[in-house]
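# Examination of the molecular architecture
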Amino acid sequence: MAENNADMLHKEYWDLNYVSGPLVFLENGERFPTGAILDVHLTNGELRQGQILEATSTHAVLQILQGTRGIDVKGTSVSLKAEGARVACSEDVIGRRFNGTGQPIDGLPPVVPDKELDINGSAINPVSRDAPNDFIETGISAIDGFNTLVRGQKLPIFLGSGLPANEIANLIVQNSGTKGDDRPFVVVFAAMGITARETQYFLNAFEEGGKGSQVVAFINQADDPAIERIFTPRCALTVAEYLAFEKGYQVLVVLTDLTNYCDALRQVSSAREEIPGRRGYPGYMYTDLSTIYERAGRIRGNPGSVTQIPMLTMPDDDITHPIPDLTGYITEGQIVLSRPLHRQGIFPPVDLLPCLSRLMNNGIGEGKTQDWHREWSNQLYAAYAEGQRIKKLMAIVGEDALTPLDKKYLKFCNEFERKMIGQGFDRRDIEDTFRIGWELMGYLPKSELTRIKASVVDQYYKSAEDLAAEADGIEAKIENA
Amino acid sequence: MAVAETQQTGKLVRIAGPMIEADGMHGVQMGEILRVGKLGLMGEVIRIEGEKIFAQVFESTEGMYLGEAVEATGAPLSAELGPGLLAGTFDGIQRPLKTLQESSGDFIGRGITAVALDRNKQWAYTPVAQIGQQVVGGDTLGTVPETKVIEHKILVPPGVSGTIASIKAAGDYTVEEVIATLEDGTELKMYHKSPVKISRPVHKFLPPTEPFLTRQRVLDMLFPIAKGGSAIIPGGFGAGKTVVEQSMSKYSNAQIIVYVGCGERGNEMAEVLTEFPELVDPNTGESLMNRTILVVNTSNMPVAARDASVYTGMTLAEYYRDQGYDVALMADSTSRWAEALREISSRLEEMPGEEGYPTYLSERIAAFYERCGNAILCGSDATGDNPRKGSLTAVGAVSPPGGDFSEPVTQTSMQVSGALWALDSALAYRRHYPSLNWNKSYSLYFEGLKGWFDENAPAGWNDRRQQAATLLQRENELMDIVQLVGPDALQDAERLILEVARMIREIFLQQSAFSDNDAACQLDKCFGLLESILIYGEECEKVLAKEIPLTRITDLPLREQIARLKEEPNDGFTAVKDKVIENFKQALGALEAN
């Protein structure tokens, strides 16, 4: 019992009686509290860690972080390491690299902790939360113009394998926390089961972009123990919350790849012989994911913020797969990547229609972007959707069967993908995004633009013909000169 | 018969996530509240096996040891009902979040006990009942101005009756002070407790006859529900469930709103908490918070408390209904509640039903929606000529996995609710909001409400509604043809149908929740907008009859003028609309065959 903690610490028990998958069952359930971290001493002298998942009077279930290979029930012993999983927090973590459980892997000595915090954190009291409303200009039209990111938001990127999501995440990292904002900024990077190549890409990209000294990395690679992945995002977010809410940083957390995390979760669930939910993932996956994603936000009267960019692979590009599906229900929108656009060489290949930013309204409008930003975006969205519909129709009935208006939408749709979405690797500021949007609306008759206030349309709308004529005029002038 | 001695304290023998087992407890009841472990976490008994009980715990069980004490409290999960609820924000077990913030800071700690109602606040009480009066449960003892807009009626609790022996004079009292006694010695205070999982009694349920007006055109016109009815809003993520629920909370004609955020986003609740106090209730001119109660259990708060949160919300709603108000309960999202049931059920190792949900899921959902209704309230006047009435309307959001409505939560909710407002991701992708799919949605209340609309809505309401519904159906059929052979194959008359249906969709059905003039649409504007589109269609038909091609009509800038009507404010809308109709009639009439 708890009173005997002092004695229990370091005291070894040879309690093991059953090993299965990543789990070990101990025959005495009353020694350790749930959530406790144990040291596992293998017969060959190796030391591993495990966490108590469940305790009953007959047994306790211990989840081994580094896998159970080599563990036997006779010689292996356990001892209490800590009553719960904790991570060392200090401003000194900035610039450091850790493994998935918070141990340094950059060859430097351990961080001297200012605080050691429980990695599970606690829920932010909803009345303490401040509504996120600072516009983050990412320099990507598809995000800034149509799915605006705000500080304190959690906006995931849904990708298909082989799509350039990492590049997009890097662009967001490079562009946030800059431009007229001198509050301290830090990136917390949590890698779960990604390849060494991907890890290298991120770390190099951060370095090249001049963000290297502002990064805290928690890295669990594909060849690292899978169970460690369950701890990785929690360690990263605990540090992120510490830096944001105790030290006042603007923290951007990049989590990749949540699909690997969920697979680790499934692995543990199946070893515990739990009743599986959809596709074998545990029924509590929504709740589990929410304890990760909900750790984003702002707190009233506190200068810091935690913004999350989780990335996940949609298996077989299927957005209804449980992982993207449950994620979409928790996060405040999503950025979805498109394979067809990628094949056409459009970068960033953002599939605009299923994208969404729920907090967009708070980040835009008068004094932030433009008072007509919302209407402008809705108009372009609706027109692009109509164009997409006509594109499909054309595939069936042929271009000749289309009405003249349909053809205008078709032209708009193609130009929109080419000019607006396909901006390439260059940063584009929001004014440019707006200008291009108005240019594109020129392909449509003015009477179609009923989602924008008449006065605004009158001020900005120029038909494509007028624009072409203007451009000719300018060229003519240049030639004359 | 000898009764076994009740043993109120046992010890923990198993901890599995949100579920615990405790041994050595006799005489504990199903549903009884426990205090678990050293922290005294709240738990609820969900199974009894002899001396062993199973309980769901409303807070995280991490760090607990087996052998820690478990104590029974003798009472089921109950809500405190009295003045001080309105404008409040509570968690699933009715702890005020402000109090939690004061005691544990910005992050929610564990094992904090907090009472729902402020014990020190003084309320200006005015008695209504008199000494010697016979009272029964539901009668009003006195009133308290709870907020600027809501007069709180202090009720005799259900099941209590007798003759008033003493009653306090008008004055300021706290909720703990006794304000009246009955001759049998029963002391009555300004608040009482009510078990949340049992519905509060009413004298009699009445058929619903008045509409619950949401101020959303597509709902009020095509799929209206009644005060006392229930509706579900299923939709994939991003379809706009939350925006619809929030719009209804802001603009509907309910007098009291109870908003239950069950297993949803913290930032969304933060939005509600910043936005609502600033918004003015169009009916009263006061802050919206004055008629709102928030029950918040965000997705990362303990799972078992989700189950508690929907019942707590329902009980608070019933309590205000019992005072004679029209109450609306918004539950966002009932799927998270069902998932909590599934999680607990799976920890109990119960035999699962469909998709792992427990077999009693449908029973629980049905019991929840059946607590809605339009009712004659309990009280001495219930059988009199002029009984008091109240209504409780519930709207539950459903979050079907993958947007697939065939899953159990959507299906069972459909069976018991009176209206289906099906949201469609495909419409949301086009930014068609509210993304209500008019082909899939339905309301069973419309027939019962026809009479009300005939009397109170602009003349022709029911006919225009039918016309619109028919046009949308025709569009559907024609679009099937277009998909096969292209729009070229259609006659002008059919193209006109497509054009008018498109106007209904884009001008009438779409409504921006973020536009000042469009977010809430009164009946006059709702009708006027539809009427102008339909009259436009009729006028165009006349023009077509003169053998004038449709393209000459659509070249006129008339459609745009009708579309711009949306931006007109509710006040004075009819005059502007009449002008627009006049204008296009003239323009169309002027067209001549050449």
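Rules and cut-offs
Residues numbered from 1 in each chain as written. Chains lettered and ligands numbered in written order. Predicted model: local features only at pLDDT ≥ 70, side-chain atom pairs only at ≥ 80, totals over all residues. Heavy atoms only, no water. Pairing = 2+ DSSP bridges. Helix = DSSP H or I, 4+ residues; strand = E, 2+ residues; numbered from the N terminus. Domains from an automatic or database assignment. Core = buried A, V, L, I, M, F, W, Y, C linked by side-chain atoms within 4.5 Å. Buried < 20%, exposed > 50% of the residue type's maximum accessible area, 1.4 Å probe, protein only. Contact = heavy atoms within 4.5 Å. Buried area = accessible area lost by both parts, 1.4 Å probe. Salt bridge = Lys/Arg side-chain N within 4 Å of Asp/Glu carboxyl O. Axes fitted to C-alpha atoms, helices over the stretch in contact; angles between N-to-C directions.

Bringing the pairing of strand 13 (residues 162-167) of chain B into the picture now. All names here are of chain B. Here two bridges tie strand 10 (residues 134-135) to strand 13, and the two strands are oriented antiparallel to one another. Counted as the bridge partner of Gln134 is Thr163 from strand 13. In this sheet, strand 15 (residues 178-182) lies alongside strand 13 in antiparallel orientation, the contact comprising three bridges. Of the residues in strand 15, the one forming a bridge with Ser166 is Thr181.

Along its sequence, chain A is carved into domain 1 (2-83), domain 2 (87-363) and domain 3 (382-478). Distance between the C-alpha centres of domain 1 of chain A and domain 3 of chain A: 64 Å.

Turning to the sheet that holds strand 15 of chain B, a few remarks are in order. Sheet strands line up and pair through hydrogen bonds in the backbone, either parallel or antiparallel. Residue and element names in this part refer to chain B. Strands sit in the order 10-13-15-16 across an open sheet of four strands; the sheet is antiparallel. The outermost strands of the open sheet, each flanked by one partner alone, are strand 10 and strand 16 (187-189). Note: strand 15 against strand 16, three bridges, orientation antiparallel. Paired with Val178 across the bridge in strand 16 is Lys189.

This brings us to the nonpolar core. Core analysis: the biggest nonpolar cluster contains 220 residues, and Ile157 and Phe416 of chain A together with Trp421 and Ile504 of chain B have the highest contact counts within it. Contact partners of Ile504 of chain B, with chain neighbours within four places excluded, come to Ala468, Leu471, Leu472, Leu509, Leu530, Ile533 and Leu534 of chain B. Grouped together as the second largest cluster of nonpolar side chains are 74 residues, Leu77, Leu81, Ile164 and Tyr357 of chain B included.

It is worth spelling out the interface of chain A and chain B at this point. In many analyses, interface size is given as the accessible surface area lost on bringing the parts together. Contacts between chain A and chain B engage 94 residues on the former and 78 residues on the latter. Approximately 6800 Å² of surface area, both sides summed, lies buried where chain A meets chain B, with 53% of it carried by carbon and sulfur atoms. Our count for the contact surface shared by chain A and chain B stands at five salt bridges. Between Glu386 of chain A and Arg430 of chain B there is a salt bridge, and its shortest N-O distance comes to 2.8 Å.

We now examine the environment of Val144 of chain B. Residues and elements named next belong to chain B. By the secondary structure assignment, Val144 is in strand 11 (residues 140-145). Between the C-alpha atom of Val144 and that of Gly82, which follows or precedes it by 62 residues, the distance is 9.7 Å. Ignoring sequence-local partners within four residues, the contact set of Val144 consists of Pro83, Trp123, Ala124, Tyr125, Ile150, Glu151, His152, Ile154 and Met190.

Quick look at the pattern of salt bridges now. In this structure the tally under the stated criterion is 73 salt bridges over all chains. Here Asp263 of chain A makes a salt bridge to Arg266 of chain A, at a shortest N to O gap of 3.6 Å. With Asp263 of chain A and Arg266 of chain A both in helix 6 (residues 258-271) and three residues apart, the pair spans about one turn of that helix. The salt bridge involving Glu210 of chain B is made with Lys227 of chain B; its shortest N-O contact spans 3.3 Å. Of this pair, Glu210 of chain B sits in the loop between strand 18 (204-206) and strand 19 (211-212) while Lys227 of chain B sits in the loop between strand 20 (225-226) and strand 21 (230-234); the two residues are 17 residues apart in sequence, bridging distant segments of the chain.

A few words now on the sheet that holds strand 14 (residues 171-173) of chain B. All names here are of chain B. Pairing within the open sheet is antiparallel, and its four strands lie in the order 12-11-9-14. The two strands at the open ends of the sheet, each matched to only one other strand, are strand 12 (151-155) and strand 14. In this sheet, adjacent strand axes meet at a mean angle of 40° when their direction is disregarded. Pairing of strand 9 (residues 123-127) with strand 11 involves two bridges; the strand directions are antiparallel. Of the residues in strand 11, the one forming a bridge with Thr126 is Thr143.

Attention shifts here to unusual backbone geometry. Residues and elements named next belong to chain A. In this chain, Thr256 is followed by Asp257 through a cis amide linkage whose omega measures 10°. Cis geometry is adopted by the peptide bond preceding Pro348, which originates at Phe347 and carries an omega value of -10°. Within the secondary structure, Pro348 sits in the loop between helix 9 (339-343) and strand 20 (356-357). Of note, Asp316 is a non-glycine position whose phi angle comes to about 55°, a positive value. One can find Asp316 in the loop between strand 18 (305-313) and helix 8 (322-330). Within the chain, Asp317 stands out as a residue other than glycine whose phi angle is a positive 55°. Its location among the elements puts Asp317 in the loop between strand 18 and helix 8.

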